[in-house]
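Residues per chain are reported as follows:
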Amino acid sequence: MHTLERTGVAPVRAPRRTLAGVVALVAVVAVAGAAWLFERPPAPAGPGAPAGEFSAARAWPHLEKIATGPPTPIGSPGGDRVRDYLLAQLTALGLKPEVQTGVGARTFGSEITSGLAENVVATIPGRDPTGRVVLAAHYDSTTTTPGTSDDKASVAAILEIVRALKSAGGQPRNDLVILLSDGEEPGLIGAESFAAHHPLAKDGGVVVNLEGPGNGAPSAVYNVTPGGTGLVRAFAATPHPVGESALIGVYRQSGFHSDLTTLEEHGFVGLDLGTAGGRAYYHHPRDTVENFDPAVLQMHGDNALALTRAVLAADLPALRVPAEAPFFSAFGVVFAYPGELVVPLAVLGVLAVLGLATLSRVRRAATLPRMGLATLAGAVPMALAYLVGENVWPLLAAIQPGYAGMVFGEPYRPDLYRLALIAIAVALVWGWFALLRRWLGATALIVGALAWPALVGAALAGVMPGMSYYGAIPALAGALATIATLLMTSPHQPAHADADSGPARSEPAPGPVRSDAARGPGRSATISALGAGRSRAVLVVRVVGAAVGVVLLTTGARTFAAFGLALASVAMVLLVLAAFCALPLLAAATPQTAATPETRGPRGRLRVAAGPLTTAALALVLLGGGLIHDRFDERHPQAAHLAYVLDTATGQANWITADDRPHSWAAALTPRPPGEWKVPLPYGMRPAHAGPAEPAKLPAPEVRVLSRRQEGAVTVTRVRVRSLRAAYQITLHADRPATEGVIQVAGRPGVPFPEQESPPRPGAAWPFEAQFFAPPAGGVEFELRTRGAPRLVASDLTIGLDGLAGYRPRPAGVDLSSSTGGLPTDSVTVVGSIQAP
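Being a predicted model, the structure only gives us computed values, none of them experimental.

Rules used in this analysis
- Residues numbered from 1 in each chain as written.
- Predicted model: local features only at pLDDT ≥ 70, side-chain atom pairs only at ≥ 80, totals over all residues.
- Heavy atoms only, no water.
- Helix = DSSP H or I, 4+ residues; strand = E, 2+ residues; numbered from the N terminus.
- Rg over C-alpha atoms; globule rule 2.2 N^0.38 Å.
- Buried < 20%, exposed > 50% of the residue type's maximum accessible area, 1.4 Å probe, protein only.
- Contact = heavy atoms within 4.5 Å.
- Areas by Shrake-Rupley, 256 points an atom, 1.4 Å probe, with all protein chains shown as cover.
- Lys, Arg positive; Asp, Glu negative; His and termini not counted.
- Charge placed at Lys NZ, Arg CZ, Asp CG, Glu CD.
- Pairing = 2+ DSSP bridges.
- Axes fitted to C-alpha atoms, helices over the stretch in contact; angles between N-to-C directions.
- Parallel < 35°, antiparallel > 145°, perpendicular 65-115°, else oblique.
- Left-handed = near helix turned anticlockwise from the far one by under 90°.
- Nonpolar A, V, L, I, M, F, W, Y, C, P; charged D, E, K, R; others polar.
- Phe/Tyr/Trp six-rings, centres within 6.5 Å; stacked < 30°, edge-to-face > 60°.
- Expected span 1.5 Å × (residues − 1).
- Bend = angle between axes of the 7 residues up to and from the residue.
- Polar contact = N/O pair within 3.5 Å; in protein donor to acceptor, adjacent residues only side chain to side chain.
- Core = buried A, V, L, I, M, F, W, Y, C linked by side-chain atoms within 4.5 Å.
- Salt bridge = Lys/Arg side-chain N within 4 Å of Asp/Glu carboxyl O.
- Patch = residues over 30% accessible without salt bridge, like charges linked within 9 Å, V, L, I, M, F, W, Y side chains within 5 Å.
- pLDDT = per-residue confidence, 0-100.

1. Side note on the overall build of the chain
Summing up its helical and strand segments, the chain has 24 helices and 23 strands in all. Against the globule reference of 28 Å for 837 residues, the chain gives a C-alpha radius of gyration of 31 Å, in line with a compact fold. Counting only C-alpha atoms, the chain reaches 110 × 65 × 55 Å along its principal axes. Here the chain holds 837 residues, and the buried ones make up 59% of them. Contacts in the chain between residues far apart in sequence, at least 24 positions, make up 81% of those at least 6 positions apart. Carbon and sulfur atoms provide 61% of the accessible area of the chain, an area that totals close to 32,600 Å². The distance from the centre of the 66 positive side-chain charges to the centre of the 62 negative ones in the chain is 11 Å.

Printed below as a string of structure tokens:
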């Protein structure tokens, strides 16, 4: 006799239960999809929008003026044109802007990056200021892009924000400083110059920094400085809030920086608000006005204006809250809780799973050994997902070689690939469940699956508190929902369809059982209705419990957008945790196999595997569809890196590329790895491939030792480096470390060497490197303090390969490689002779 008949609860037929499970899964997917839709940008406001509101239509002409044309790196004629336009527009708005020209210097690793920047600065005085608010963006671009999203859309948005603020009349409570910085791209040069030397930066303040790590929606908060937790309240008041504290930890460990980085080091607190989608266009030649959506500008401007207004009206000292406060957004709402609750919440998640395990044991739904084995077995889909994430981009690049040139590891149209990875994560967890259910039972596997987010939440509470909710909240919601479903079912009714799978369990004591039919049709109908109602209630509880984790871990898994498919391993782990949260529904959607001897055979096993196999097949279809959909064409070109290096000491020249698998156009000039490479290049670069080139008649930078003196064991060397080619960048190398010194250009105070972030690479032939961008015609002076007299060598760098012997212009469909912070593509580097002590 069926167990459900023994308990007096009307059974739910297996096909109906499976269908209900599928419907519940669809409901959770729909909820997660709705959460994604809430992050889409609004329709752009037209030119007739209320004067106090942000209008993309009013900001768009500014964007067209400053982002149309060639790149505008620091020191370029294009940059001068943008600077002058900004001065004119701010003046027309009734402000008195100034150009702050100065040297900024900071380190990245052991390398010193410096330059001569021209910041545009303006102010709106407050009526009763509690401090200064800095609304910032940078107007320079890399050498490879017009910089529409990074960061001229933000600059255009600031012009519209200033207009909206001025139209409201009166004065804000706090002082507002508008900082449109120069030289952000090579190394935060303008922001460093402002923070170190401008009087308006003397007392610190609160920064709203607008950025563009991609050209698509959403406009999201991805960084809040330590001590600036109070800004989360202002962020929560924005009309389209998207962001989460989890991304802050990831961002801060990624090696990426913004102007906020250097302002934070000088005592400011603040946040970064940036357009996070469209990562393929970051620093890309096609980051153009034509490829930028006005709706994205509307979302970015709406949020920036609301943030600025909120901070301008705030008591600024009260925003400096030292404790971290985890936060995340979903469905247009920001959820935040005090940092003091991070550990208690993580403990609650663990206790909830332990409580579920205890109840499962008491109710005989699972045994402790099986739950322990299920927890250990959960490492398998986690590890497989990580491996898939690590290898999906190399695999796609092997199938589509053009992807090798997408240096940020993101295709132009990634959506089908992302959906494929979601399907892979679901297939891994579903297949894991289908394979082990017979041996461990569904309840044990659900407990083991929920143990993983609980453990992850507990671990993150100790090492990355702002990310701990990724585990703690899904574990708590999933465990409580599963506990509720166990309590809502009879002690002998299998809440997770264990009765027909796994080793035999204890049956109720035998004895005469009176069937419901024998008690009369009314009694039978009543119990059937109760059973159906209870089944529906159980399903609703499961949907709610699963949806919390799925929404949080998929809407929250913005690492897809932030770091591309090349770093999909982290996102894949989060997706598996999301699938673990949905396991009660996957279990309900999995057919049972123990009803009859027939269904225990191959047909039954195939029915059980149908869900995982179908999902895996869907993943393959989506991957194939992605390859078909994301084809390279005129609007979506391939990319290639190529540069020219002339060593005047030996008279030899080389074509080089940074691409491990160069495009055939570049490979024709760079056919092989360079072997032993001794020529010192900026950024300590060693080419991936190289080939001989005809030496051009180009002058080396002039290096003149101005003085050398001894101060005990320290040798103080002062040297001037001057480019004879009007270079974009000069670099000085020394064969000895120099942690102290000064950088100076004529007529300006010297700037001390900043403190190194890390020591030079062990065994480096040239352990000291200092770069200077936009060097003046008279050159740059460096004073180095070293142990012993150093050997010196300098190089200068210009942009453009036209006119070099052997150079063939790029073929149609091949564009510049995106700038990654290393040696720019299409650059010419001339290395001078080594200057002996």
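2. Let's talk about the environment of P474
Structurally, P474 can be placed in helix α18 (residues 469-488). Distance from P474 to L436, taken between C-alpha atoms, is 23 Å for residues 38 residues apart in sequence.

3. A word on the sheet that holds strand β14 (residues 702-711)
Backbone-to-backbone hydrogen bonds pair the strands of a sheet. The strands run either parallel or antiparallel. Pairing is antiparallel across the open sheet formed by five strands, whose spatial order is β14-β15-β20-β17-β18. In this open sheet, the two edge strands, each paired with only one partner strand, are β14 and β18 (751-752). Sheet topology note: the strand β15 (residues 714-722)/strand β20 (residues 780-787) ladder contains eight bridges and is antiparallel. Across the sheet, the residue bridging to R718 is E783, located in β20.

4. Thoughts on the packing of helix α14 (residues 368-377) against helix α17 (residues 442-463)
Running from N to C, α14 and α17 cross one another at 45°; their axes reach a closest spacing of 7 Å. Between α14 and α17, the angle falls in the class oblique. Between α14 and α17 the crossing geometry is right-handed. Here R370, M371, A374 and T375 of α14 come into contact with α17, specifically with A444, L445, V447, G448, A451 and W452. For the contact of α14 with α17, the per-class residue count stands at seven nonpolar, two polar and one charged.

5. A look at the packing of aromatic side chains
One pass over the structure, following the stated rule, counts 20 aromatic pairs. Between W665 and Y807, the ring centres sit 6.3 Å apart and the planes meet at 80°, which makes this aromatic pair edge-to-face. In this pair, W665 sits in helix α24 (residues 664-667) while Y807 sits in the loop between β21 (792-799) and β22 (814-816), placing the two residues 142 residues apart along the sequence. By relative accessible area, W665 is classed as buried at 3%. Put simply, the rings of Y281, W393, Y403, Y412, Y417 and F632 touch in pairs and so form one group of aromatic residues.

6. Structural notes on the pairing of strand β1 (residues 98-108)
In terms of burial, β1 is largely enclosed, as eight of its eleven residues are buried. Relative to strand β2 (residues 111-124), β1 is paired through eleven bridges, and the arrangement is antiparallel. Bridge pairing links Q100 to N119 in β2. Two successive antiparallel strands, β1 and β2, enclose a turn made up of two residues, where G109 displays a positive phi of approximately 70°.

7. Considering helix α23 (residues 602-629)
The terminal C-alpha atoms of α23, which comprises 28 residues, lie 38 Å apart, in line with the 40 Å expected from a rise of 1.5 Å per residue. At A610, α23 shows its largest bend, some 45°, and a proline, P612, comes one to four positions later. Those residues of α23 not exposed but buried are G604, V608, G611, P612, T615, A619, L622, L623, G625 and G626. Its buried side turned inward, α23 meets α16 (415-440).

8. Topic: the side chain of E160
One can find E160 in helix α5 (residues 148-167). Engagement of the side chain of E160 in a polar contact is seen with the side chain of R163, the distance being 2.9 Å. Apart from the residues within four sequence positions on either side, E160 is in contact with E53, F54, S55, R58 and A59.

9. So, the pairing of strand β5 (residues 206-211)
Of all six residues in β5, six are buried; the element is thus mostly enclosed. Burial along β5 is two-sided: the face carrying V206, V208 and L210 and the face carrying V207, N209 and E211 are both buried. As paired elements, strand β3 (residues 132-138) and β5 share four bridges and run parallel to each other. Looking across to β5, one finds that L135 is bridged to V208. Strand direction decides the pairing type here: β5 and strand β7 (residues 269-277), joined by six bridges, are parallel. Considered in β7, the bridge of V207 is made with G270.

10. Things to note about the environment of L273
Counting through the fold element by element, L273 comes out in strand β7. On the basis of relative accessible area, L273 is assigned to the buried category, the value being 1%. Separated by 55 residues in sequence, L273 and P218 have C-alpha atoms that sit 10.0 Å apart. Beyond its immediate sequence surroundings of up to four residues, L273 is in contact with N209, L210, E211, S219, A220, V221, Y222, H300, N303, A304 and L307.

11. Notes on the side chain of S818
Mapped onto the elements, S818 comes out in the loop between β22 and β23 (827-831). At 3.5 Å, the side chain of S818 forms a polar contact with the backbone oxygen of Y282. When near neighbours in sequence (up to four residues on either side) are disregarded, S818 contacts T144, A280, Y282, H283, H284, V407 and F408.

12. Remarks on the nonpolar core
Counting residues in each nonpolar core, the largest one holds 101 residues, and the members touching the most others are W432, F580 and L583. Aside from chain neighbours lying at most four places away, what touches F580 is G378, P381, M382, V429, W432, A449, L450 and W452. Core analysis: the next-biggest nonpolar cluster, separate from the first, contains 64 residues, A59, L95, L180 and V289 among them.

13. Some details on the pattern of salt bridges
Enumeration according to the criterion identifies 23 salt bridges in this entry. Its salt-bridge partner being E160, residue R163 comes within 2.9 Å of it at the nearest N-O pair. With a gap of three residues between them, R163 and E160 both fall in helix α5, about one helical turn apart. For the residue pair R163 and E160, the accessibility class agrees, reading buried in each case. Two residues, E676 and K678, come together in a salt bridge whose shortest N-O distance is 3.8 Å. Note on accessibility: E676 and K678 belong to one class, exposed.

14. As for a nonpolar patch on the surface
Together, V343, V347, L348, L351 and L354 line one region of the surface with nonpolar side chains, adding up to about 440 Å² of accessible area. Tracing the backbone through its elements, the reader meets L354 in helix α13 (residues 342-362).

15. Examining the packing of helix α3 (residues 56-67) against helix α4 (residues 77-92)
Across the interface, α3 lies against α4 with an axial gap of 9 Å and an inter-helix angle of 150°. Considering their axes alone, α3 and α4 lie roughly antiparallel with respect to each other. Facing α3, whose interface residues are P61, H62, K65 and I66, α4 presents R81, V82, Y85 and Q89. Within the contact of α3 with α4, the residues separate by chemical class into four nonpolar, two polar and two charged.

16. Details of the confidence of the model for the chain
The predicted model of the chain averages 90 in pLDDT, with 91% of residues at 70 or higher. Ignoring residues within four places in sequence, the model shows residues 497-520, a span with pLDDT below 50, making 38 contacts including any to other chains. Between residues 522-528, whose pLDDT stays under 50, and residues either more than four places distant or in other chains, the model counts six contacts.

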